[in-house]
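Residues per chain, in single letters:
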Amino acid sequence: MKNRPCHYRLPPANVTVLRGGAHHLPFPAEPDPPDWDYMQCVQYLRGTLLVPGEDSPMSGIWQSYWRYMSMQLALVNNLVNASPPKIQEFISALMKLMRCDLVAKGSTWQKHMNGLFAYVDSIGGVDFVLKQHQPTPAICSLLRRTIICNTTSPARMQVLGYDRYTDKQLMAAFKLYQLHEMPCPSDLFLAIVHITRIRQRASIINLANRRSFEAAVRRIFTDIDSFNETLCAEEDETTAKEIRHLIPPIFKAAVRLYGILTLPRAAVLAAFPRCGSYRKLRASHRHALTEKLKTGMVKAAAIDQSGVFGWPMLVAGVAAGVPHNKRDSDDPDYEHAVSTKEMVEQFFSISWLDPLSTSVELAILESLRKYFRSGGTEWEECFYEPTPS
């Protein structure tokens with residue numbers, strides 16, 4: 001594919017880039033913005049994300065933060081149309097920008113994710129990039145991260161830069177890099193992509209036409225059910241051996257429940273004709289996931305690897321939503337839902353207090369707490385705005 005100019009362009013930064021471009025910066029190329037430790041400490045004490053402009057005593061800190069962000073924007077703009085492409089330098093700069101951007105609530109991280117895919121298109125496409133040795137891990141990392149962030153973003157507010165990628169291209173990228181904190185098997189990761197794509201498409205078509213998704217939804221659940229978790233565990237050479245056999249069944253249950261919670265309701269019920277009702281279907285699969293998580297957490301905590309279950313935990317948390325009029329009822333599932341919420345909230349509270357945590361854990365915790373208090377039961381009642389995950 002012939003190289004063509006990149007149509008994605010970050011907003012111009014009001015700074016002067018030194019002569020010589022990207023390799024001559026007036027600040028150290030650190031992954032965190034200035035005063036990040038102080039900002040993180042404030043967030044620890046408050047238990048809430050910082051919002052730019054809301055705290056006048058922190059105005060100086062935010063000025064420093066925005067200056068740093070401006071320099072990162074200038075650096076990315078300087079590299080985006082470099083000829084020949086400086087792929088490694090661009091990806092490195094974009095990852096630093098993403099890292100900084102996720103510090104501030106309500107930031108523009110989705111635009112930067114879309115920028116990555118526009119850049120990939122501009123230098124020859126995903127097939128060209130996958131043939132390159134050095135930048136592949138970074139690009140594949142951001143691809144996986146984007147897919148996960150789309151699960152915790154509204155169906156009509158998705159990052160669609162990889163929407164044209166084929167299953168073959170996605171699987172090639174998945175097999176080259178795995179997120180340590182999200183060791184979801186590649187086949188199940190692809191199922192997440194398929195589920196989220198249908199979520200997005202179903203959100204923009206007429207309600208009467210949603211029955212057209214029944215065949216696709218049934219195929220997704222069939223693929224999930226046919227996933228060989230035993231073989232996957234046997235072939236896994238990267239996950240700690242103590243939890244290697246637990247990862248595939250936990251993610252299989254989580255991906256299936258994610259589909260149940262987010263796909264068009266009629267199509268889901270058609271795929272499970274013996275379920276009786278949607279409420280029973282949701283409850284039974286939540287039970288199955290939480291029981292697996294309880295076992296997995298004991299094993300993972302013993303080797304300090306609990307963080308690998310973050311995404312399955314948030315799926316279980318959304319599935320545990322209880323409407324206000326059902327609280328304190330005699331429904332036997334009510335107590336299970338309450339205990340699940342307590343487990344999930346405790347998990348993310350502990351994760352957030354880890355010194356190596358990021359703002360992502362706190363963003364998820366805030367979303368889940370609001371959702372639990374609201375009496376919501378639907379996925380997008382929890383993730384009603386783009387939330388990094």
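Further up the page is the structure itself.
Residues numbered from 1 in each chain as written. Predicted model: local features only at pLDDT ≥ 70, side-chain atom pairs only at ≥ 80, totals over all residues. Heavy atoms only, no water.

*Asks:* Please clarify how the overall build of the protein should be interpreted in this entry.
*Replies:* Each helix and strand counted, the protein has 17 helices and zero strands in total. Across the 389 residues that make up the protein, the buried fraction comes to 53%. By sequence separation, contacts in the protein at least 24 residues apart represent 75% of the contacts at least 6 residues apart. Carbon and sulfur atoms make up 54% of the accessible area of the protein, which amounts to about 18,500 Å² in all. (Helix = DSSP H or I, 4+ residues; strand = E, 2+ residues; numbered from the N terminus. Buried < 20%, exposed > 50% of the residue type's maximum accessible area, 1.4 Å probe, protein only. Contact = heavy atoms within 4.5 Å. Areas by Shrake-Rupley, 256 points an atom, 1.4 Å probe, with all protein chains shown as cover.)

*Asks:* What am I meant to see in unusual backbone geometry here?
*Replies:* Leaving glycine out, the prevailing phi sign among residues is negative, and the prevailing peptide bond configuration is trans. Residue serine 83 is joined to proline 84 through a cis peptide bond whose omega torsion reads 0°. Tracing the backbone shows proline 84 in the loop between helix 2 (59-80) and helix 3 (87-101). Residue aspartate 304 is not a glycine yet carries a positive backbone phi of 55°. Mapped onto the fold, aspartate 304 is located in the loop between helix 13 (278-302) and helix 14 (310-319).

*Asks:* What is the right way to look at the environment of arginine 244 in this model?
*Replies:* Here arginine 244 shows up in the loop between helix 10 (229-235) and helix 11 (247-262). In this structure, the C-alpha to C-alpha distance between arginine 244 and glutamate 234, residues ten residues apart in sequence, is 8.2 Å. Within the local environment of arginine 244, its side chain forms a polar contact with the backbone oxygen of aspartate 236, the two atoms lying 3.3 Å apart. (Polar contact = N/O pair within 3.5 Å; in protein donor to acceptor, adjacent residues only side chain to side chain.)

*Asks:* It is not clear to me how the packing of aromatic side chains should be interpreted in this structure. Could you clarify?
*Replies:* Given two aromatic rings, their pairing is described by the distance between the two centres and the angle made by the two planes. Under the defined criterion, the tally for this structure stands at ten aromatic pairs. Taking the centre distance of 5.6 Å and the plane angle of 55° together, the rings of phenylalanine 117 and tyrosine 162 count as tilted. You can see phenylalanine 117 sitting in helix 4 (residues 109-122) and its partner tyrosine 162 sitting in the loop between helix 6 (136-151) and helix 7 (167-174), a full 45 residues away along the chain. Judged by relative accessible area, phenylalanine 117 falls into the buried class, the value being 2%. Summarising the aromatic geometry, the rings of tyrosine 258 and tryptophan 311 are spaced 5.6 Å apart at their centres and angled 70° between planes, so their arrangement reads as edge-to-face. Here tyrosine 258 is found in helix 11, whereas its partner tryptophan 311 is found in helix 14, with 53 residues between them in sequence. For the pair tyrosine 258 and tryptophan 311, one class covers both residues: buried. (Phe/Tyr/Trp six-rings, centres within 6.5 Å; stacked < 30°, edge-to-face > 60°.)

Keep in mind that these numbers describe shape and distance, not what the molecule does.
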